[in-house]
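# Fold and geometry: a report
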Amino acid sequence: MSASLDDVAGEIIARAGNTKRFLVAIAGPPGAGKSTLADNVAKALKARGESAEVLPMDGFHMDNAVLIEKGLLKRKGVPDSFDVRAFLDIVRAVRAADQEVLVPVFDRSREIAIASARIVSADHRFIVIEGNYLLFNQGKWAELEGMFDYSIMLAPPMEVLEERLWARWRGYDLDEEAAQAKVYGNDLPNGRLILENRRRADVTIDIVQD
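The rules we used
Residues numbered from 1 in each chain as written. Predicted model: local features only at pLDDT ≥ 70, side-chain atom pairs only at ≥ 80, totals over all residues. Heavy atoms only, no water. Axes fitted to C-alpha atoms, helices over the stretch in contact; angles between N-to-C directions. Helix = DSSP H or I, 4+ residues; strand = E, 2+ residues; numbered from the N terminus. Parallel < 35°, antiparallel > 145°, perpendicular 65-115°, else oblique. Left-handed = near helix turned anticlockwise from the far one by under 90°. Contact = heavy atoms within 4.5 Å. Nonpolar A, V, L, I, M, F, W, Y, C, P; charged D, E, K, R; others polar. Polar contact = N/O pair within 3.5 Å; in protein donor to acceptor, adjacent residues only side chain to side chain. Salt bridge = Lys/Arg side-chain N within 4 Å of Asp/Glu carboxyl O. Buried < 20%, exposed > 50% of the residue type's maximum accessible area, 1.4 Å probe, protein only. Pairing = 2+ DSSP bridges.

If you look the protein up in an unreviewed UniProt entry, it shows as Pantothenate kinase from Rhizobium miluonense.

So, about the packing of helix H5 (residues 158–171) against helix H6 (residues 176–196). Taken N-terminus to C-terminus, the directions of H5 and H6 make an angle of 140 degrees; their axes are 9 Å apart at the nearest point. Between H5 and H6, the interaxial angle falls into the category oblique. Between H5 and H6 lies a crossing of right-handed hand. Only Glu 176, Ala 179, Gln 180, Lys 182, Val 183, Tyr 184, Asp 187, Leu 188, Arg 192 and Leu 195 of H6 make contact with H5, whose side of the interface consists of Met 158, Leu 161, Glu 162, Leu 165, Trp 166, Arg 168, Trp 169 and Arg 170. Here the contact of H5 with H6 is composed, by residue class, of 10 nonpolar, 1 polar and 7 charged.

A few words now on the side chain of His 124. On the secondary structure map, His 124 appears in the loop between strand E5 (112–120) and strand E6 (126–131). A distance of 2.8 Å separates the side chain of His 124 from the backbone nitrogen of Ser 121, its partner in a polar contact.

If you walk through the whole model with that rule in mind, you get 13 salt bridges. Asp 89 is the partner of Arg 85 in a salt bridge, and the nearest nitrogen-oxygen pair spans 2.8 Å. Here the residue Arg 85 and the residue Asp 89 both occupy positions in helix H4 (residues 84–96), the gap between them amounting to 4 residues, near one helical turn. Taking relative accessible area as the criterion, Asp 89 reaches 37% and is therefore assigned partly exposed. With a shortest N-O distance of 3.5 Å, Arg 92 and Glu 143 are connected by a salt bridge. Here the residue Arg 92 occupies a position in helix H4, and Glu 143 occupies one in the loop between E6 and strand E7 (150–154), the gap between them amounting to 51 residues. For Arg 92, a relative accessible area of 39% puts it in the partly exposed group. Here the residues in one salt-bridge network are Arg 85, Asp 89, Arg 92, Lys 140 and Glu 143, joined through shared partners.

So, on to the environment of Ile 12. For Ile 12, the location among the structural elements is in helix H1 (residues 5–16). We classify Ile 12 as buried; its relative accessible area is 0%. Between the alpha carbons of Ile 12 and Thr 36 there is a distance of 17 Å; along the sequence they are 24 residues apart.

By the secondary structure assignment, Ile 13 is in helix H1. Once the C-alpha coordinates of Ile 13 and Leu 45 are considered, the two residues, 32 residues apart in sequence, prove to be 7.9 Å apart. The residues touching Ile 13, leaving out its near neighbours within four places in the chain, are Leu 45, Arg 48, Glu 50 and Phe 126.

Next up on the list: the side chain of His 61. On the secondary structure map, His 61 appears in the loop between strand E3 (52–56) and helix H3 (64–70). Residue classification places His 61 among the buried residues on the basis of a relative accessible area of 11%. For His 61, the contacting residues outside a window of four places in its chain are Lys 76, Gly 77, Ser 81, Phe 82, Phe 106 and Ala 113.

Attention now moves to the sheet that holds E7. Strand order in the open sheet made by the 5 strands is E3-E6-E2-E7-E8, with parallel pairing throughout. In this open sheet, the two strands that pair with only one neighbour each are E3 and strand E8 (203–205). Taken pair by pair, the neighbouring strands of this sheet meet at an average axis angle of 20 degrees, ignoring direction. Note that strand E2 (residues 22–27) and E6 share 6 bridges and pair parallel. Of the residues in E6, the one forming a bridge with Phe 22 is Phe 126.

And the structure:
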């Protein structure tokens, strides 16, 4: 289905009722538009007088030095290339809503995660969590089941993902060979893995309209 940003924000507020803390998961393949939607949802919630913050899963990428040691650098972005235990701990701490939680943020231009780069305050009512594997039903990622109050799966057609991924990596000045390796050797296979091994979302969206 397609949906407007206003529809998404309105549904989230309606679902939340009077709860103090409400966790929204936005999941999907690389290039699906998760971070853009998460930022826009948070802005839309704030425009309605709500308090909101975004928690990106990408901040839990293992450092490149660790990935080299594990032989995973070329497959950066696969489920095993994230610090899942730390992510689970942070989501549990955020869900409790009883203290300030500092969370890491990934700097894609430098391909590194920056520790304690964003504050999730106890006063933030809505936490919009975005990432590839939030609804993944394999390994330790499956332990996220039941932690989210509302979940959205972004699942654009594969040809749309392919186009967006090419644009992403060309935007980082990769040559055609390097961009091709990123798109076809890593991102699209990860995308298929995510779509074929996912828990059911509250809503699945192919296109988000402004």
